[in-house]
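Here are the chains, one letter per residue:
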There are 2 protein chains.
Amino acid sequence: MKFSKKSEYGLRALLELCETYGGRVLQRHEIAERQNIPVEFLEQILLALKRAGLLASRRGVRGGYALIKSPEEITLGQVIRILDGPLAPISCVSKTAYQKCADCPYAAKPSCPLQQAMGEVRDAIANILDHYTLSRFAHSK
Amino acid sequence: MKFSKKSEYGLRALLELCETYGGRVLQRHEIAERQNIPVEFLEQILLALKRAGLLASRRGVRGGYALIKSPEEITLGQVIRILDGPLAPISCVSKTAYQKCADCPYAAKPSCPLQQAMGEVRDAIANILDHYTLSRFAHSK
DNA sequence: CGAAATCTTGAGCAACTCACTAGACAAAAT
DNA sequence: ATTTTGTCTAGTGAGTTGCTCAAGATTTCG
């Protein structure tokens, strides 16, 4: 029931990018050094965030990465879903990636006790993370 | 950010055991069949729950497993921690298994933004699961 | 007592995921 | 043209997950 390093590194990297938002770009090695993250691994994370539309990048000599959206528009939930997949603790209660349980005897029935409990958990997690913006995140530093 | 099959199977097995609480014992194959769980795998789960003091067992011809505590006294949080380990999404916010982050630059500082956000998540999860009893769980079936 | 039924223990294993590494390639600046 | 950056794809070692197997211990019943 843990978040991966990917999410953790991703959030820490965004923390740095929030600071220079609207200003200069940051290069991967700058982020990596300040946040103590293996640079090639960080790269994959930054690229994923770029593909998801959160970051822009420029190659070449004065290249680097920059936030493309304002920190108020980005939530921790978004970031974690990009890097770690759905938040739901079991897939039959996921709203973004629902999947019917294959082996659960309650799958066919009208209600499943597990689903009810896990649904509450999912909602609680999503409620926090989908309302926690990067601006608040970065500001609490 | 998922719970394992172990927790899922464990909870489903306890669902069955709640039904016969105070009455007869259940054998692993009965539970396995009804809940559609591989019997040898289930066994490991039942033994873990036994070692944790939730179940009693008897060997031999009329043997089987039975709940040793009342369903009101057992919470989903307890069960999941037994089978899956701590609930916290990152170990630096775990109350039952705290561990200082090795590489985080905020580890030394007075406050860490990640810790604050993840702490809220941890509390929300624990709040639900540590108050959700097996009796409520089984009753919602 | 002895056989059958059941739990107990420990080991093993294939597939997968995680965290990271490496290397070739593309584009931008000088 | 060369250097500096990002881009992409693939690989890899360690660990975890989900499960299987086999040998043993204990209880009941005939």
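Residues numbered from 1 in each chain as written. Chains lettered and ligands numbered in written order. Predicted model: local features only at pLDDT ≥ 70, side-chain atom pairs only at ≥ 80, totals over all residues. Heavy atoms only, no water.

1. What to know about the protein's contact with DNA strand D
Near DNA strand D lie 25 residues; those nearest to it are A:Glu43, A:Leu47, A:Lys50, A:Ser57 and B:Gln44. In DNA strand D, the atoms that sit within 4 Å of the protein are 70% sugar and phosphate, with bases accounting for the remainder. Side-chain polar atom of A:Glu43 to a base nitrogen of DNA strand D: 2.8 Å apart, as the coordinates give it. Between DNA strand D and B:Arg59 there is a distance of 3.3 Å, counted from a base nitrogen to a side-chain nitrogen or oxygen. When residues of the surface near DNA strand D are traced back to their parent elements, those giving at least two are helix H3 (39-51), strand S1 (55-58) and strand S2 (64-67) of chain A together with helix H1 (5-19) and helix H3 (39-51) of chain B. Per-element tally for the surface near DNA strand D: the top contributor is H3(A), with 5 residues. Residue composition of the surface near DNA strand D, grouped by class: 7 nonpolar, 8 polar and 10 charged. (Near = heavy atom within 4 Å. Polar contact = N/O pair within 3.5 Å; in protein donor to acceptor, adjacent residues only side chain to side chain. Helix = DSSP H or I, 4+ residues; strand = E, 2+ residues; numbered from the N terminus. Nonpolar A, V, L, I, M, F, W, Y, C, P; charged D, E, K, R; others polar.)

2. Thoughts on helix H2 (residues 28-35) of chain B
An α-helix turns once every 3.6 residues. As a result, residues three or four positions apart point the same way. Residue and element names in this part refer to chain B. Buried within H2 we find Glu30, Ile31, Ala32 and Gln35. Residues of H2 that are buried sit in contact with H1 and H3. Looking one or two residues beyond H2, the residue adopting positive phi is Asn36, at roughly 65°. (Buried < 20%, exposed > 50% of the residue type's maximum accessible area, 1.4 Å probe, protein only. Contact = heavy atoms within 4.5 Å.)

3. Overview of the interface of chain A and chain B
Listed as interface residues are 42 residues of chain A and, on the opposing side, 42 residues of chain B. In terms of surface lost to chain B, no three residues of chain A exceed A:Met1, A:Phe3 and A:Asp103, which account for 19% of the buried area on that side. Seen at the junction of chain A and chain B, the total is 4 salt bridges. Elements with a minimum of two residues in the side of chain A that touches chain B: helix H1 (5-19), helix H2 (28-35), helix H4 (76-84), helix H5 (113-129) and helix H6 (134-139) of chain A. It is H5(A) that provides the largest number of residues to the side of chain A that touches chain B, a total of 11 residues. A class-by-class count of the residues in the side of chain A that touches chain B yields 26 nonpolar, 6 polar and 10 charged. (Buried area = accessible area lost by both parts, 1.4 Å probe. Salt bridge = Lys/Arg side-chain N within 4 Å of Asp/Glu carboxyl O.)

4. Side note on the environment of A:Arg81
Residues and elements named next belong to chain A. For Arg81, the position within the fold is in helix H4. Assessed through its relative accessible area of 23%, Arg81 is described here as partly exposed. The spacing of Arg81 and Ser135 is 54 residues in sequence and 18 Å in space, taken between C-alpha atoms. If we skip the residues at most four places from it in the chain, Arg81 touches Pro86, Leu87, Thr96 and Asp130. Among the polar contacts made by the side chain of Arg81, one reaches the side chain of Asp130 at a distance of 2.4 Å.

That's the geometry; what it means functionally is another story.
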